[in-house]
Amino acid sequence: MPPLPPAAALLTWYDRHRRVLPFRSRGNRPDPYQVWLSEVMLQQTTVAAVGPRFDRFLARFPTVEALAAAAEAAVMEEWAGLGYYARARNLHACARLVAASGGFPETVEGLRALPGIGAYTAAAVAAIAFDQPVVPVDGNVERVVARLAAEAAPLPGSRPRLAALAAGFMADAAARARPGDFAQALFDLGATLCTPRAPACALCPWRDGCLAQKQGIQEALPAKSAKRARPRRFGLHFLLTDAAGQVLLRRRPPRGLLGGMLEVPGTPWREAPWTAAEAEGFAPLPGLDWRRVPGIARHGFTHFELEMLLLSASVPRIAPPEGMEARPLAEAGGALPTVMRKLLELAH
């Protein structure tokens, strides 16, 4: 393995240029609950999106005990719009276990045994909250390490080697002395200087030790294997409103995609488009004058692209069928996942 640059140089840079983030401790010992919550929120979600939602979530569930005591539906609704909703279910289950056991385990192994905590999150919480000498490896860290080592093998196949290289930083006494700060310094370096495009190499504290920079190939790394095209699925949904400004919603089954979230009632999502005649049996109330809303609502999931048509109708007053509920349309968006919000946007 190539020699790694000195941790002290990165930590000196971090002490001067660290990002001020809502979920980052400012001098006091980090709260494990807040570290864990922020790391779960940041999975597949941008820092810009997480910042205000983190504060709002903490205001509603200020401690792991408060989160554990909450109803799952309340947690799911607070998570609405952040995506990847299995995270919220696991978050709730994890909080219950942690609260019941009196606190978070401090080791990577103990953290990994909790629901929804994988290798990266366990390492991040262990390093940042408990000063364990481990290096959490996210996309930013993969990019930094791939460039430092000029690793040409493409992702995802190169991940084990990049993780092994990153773990080597803990042989450096400066990194071992401040593992939480060192982890966050790596995150900040990747997010602010060693960016995917146009990295600011001239400002980088590790410029002299970066093999990719010396070879002029930094923007080409890390290489990535070609992605397969995602299949398309199709759905048709029914937007029912009433004169009081309410909308009819349905809660999805507790498990599976968007499990436990509210939705605009509709068909299953399948590989062939739906006609209105085919979808008629899925209408929440039969016999209404359902009219097609112009346009298509599109949403990308990890494994497929979704296209949805929307039919709308109005009644004087909604009497929700069993298993459904009526909510003010002006408030419904805040409780719906992003994919369902796109249907409301289509209607307005």
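Everything below is about the structure shown above.
What this report covers is the structure whose coordinates are included nearby. (Residues numbered from 1 in each chain as written. Predicted model: local features only at pLDDT ≥ 70, side-chain atom pairs only at ≥ 80, totals over all residues. Heavy atoms only, no water.)

## Quick word on the overall build of the protein chain
1) Next: Helix and strand content of the protein chain: 16 helices and six strands.
2) Next: By residue count, 47% of the 348 residues in the protein chain fall in the buried class.
3) Next: Accessible surface computed for the protein chain: about 16,600 Å², of which carbon and sulfur atoms make up 55%. (Helix = DSSP H or I, 4+ residues; strand = E, 2+ residues; numbered from the N terminus. Buried < 20%, exposed > 50% of the residue type's maximum accessible area, 1.4 Å probe, protein only. Areas by Shrake-Rupley, 256 points an atom, 1.4 Å probe, with all protein chains shown as cover.)

## Focus on the side chain of glutamate 151
1) Next: Examined against the element boundaries, glutamate 151 turns out to sit in the loop between helix H9 (139-148) and helix H10 (159-167).
2) Next: Given the relative accessible area of 11%, glutamate 151 is considered buried.
3) Next: Apart from residues lying up to four places away in sequence, glutamate 151 is in contact with Ala146, Ser158, Arg161, Leu162 and Leu221. (Contact = heavy atoms within 4.5 Å.)

## Overview of the pattern of salt bridges
1) Next: In total, this model carries 18 salt bridges according to the counting rule given.
2) Next: The residue aspartate 15 makes a salt bridge to arginine 178 at a minimum N-O spacing of 2.7 Å. You can see aspartate 15 sitting in helix H1 (residues 7-17) and its partner arginine 178 sitting in the loop between helix H11 (173-177) and helix H12 (179-192), a full 163 residues away along the chain.
3) Next: A relative accessible area of 44% means that aspartate 15 is categorised as partly exposed. (Salt bridge = Lys/Arg side-chain N within 4 Å of Asp/Glu carboxyl O.)

## So, the pairing of strand E5 (residues 305-315)
1) Next: Where strand E1 (residues 232-242) meets E5, 11 bridges bridge the pair, whose relative direction is parallel. Pairing of leucine 236 across the sheet is with leucine 309, part of E5.
2) Next: Two successive antiparallel strands, strand E4 (residues 291-300) and E5, enclose a turn made up of four residues. (Pairing = 2+ DSSP bridges.)

## Some details on H10
1) Next: Where H10 is concerned, the buried positions are Leu162, Leu165 and Ala166. The buried side chains of H10 occupy one side of the element, clustering within an arc of 100° when seen end-on.
2) Next: Buried residues belonging to H10 abut H9. (Arc of directions from axis to C-beta.)

## Observations regarding helix H5 (residues 72-79)
Every α-helical turn comprises 3.6 residues, leaving residues that sit three or four positions apart pointing alike.
1) Next: Among the eight residues that make up H5, six are buried, leaving the element largely enclosed by the rest of the structure.
2) Next: Of all the positions in H5, only Ala74, Val75, Met76, Glu77, Glu78 and Trp79 are classed as buried.
3) Next: Immediately beyond the C-terminal end of H5, within one or two residues, lies glycine 81, with a positive phi of roughly 95°.

## Side note on the packing of aromatic side chains
1) Next: Counted by the stated rule, this structure contains 14 aromatic pairs.
2) Next: Ring centres of phenylalanine 169 and phenylalanine 182 lie 5.1 Å apart, and the angle between their planes is 55°; this geometry places the pair in the tilted category. One end of the pair, phenylalanine 169, is in the loop between H10 and H11; the other, phenylalanine 182, is in helix H12, and 13 residues separate them in sequence.
3) Next: With a relative accessible area of 1%, phenylalanine 182 lands in the buried category. (Phe/Tyr/Trp six-rings, centres within 6.5 Å; stacked < 30°, edge-to-face > 60°.)

## Some points on the environment of leucine 329
1) Next: Residue placement: leucine 329 occurs in helix H15 (residues 329-335).
2) Next: Residues leucine 329 and arginine 89, 240 residues apart in the sequence, show an inter-C-alpha distance of 25 Å.
3) Next: Setting aside anything within four residues of it in sequence, one finds leucine 329 in contact with Thr241, Gly245, Gln246, Val247, Leu344 and His348.

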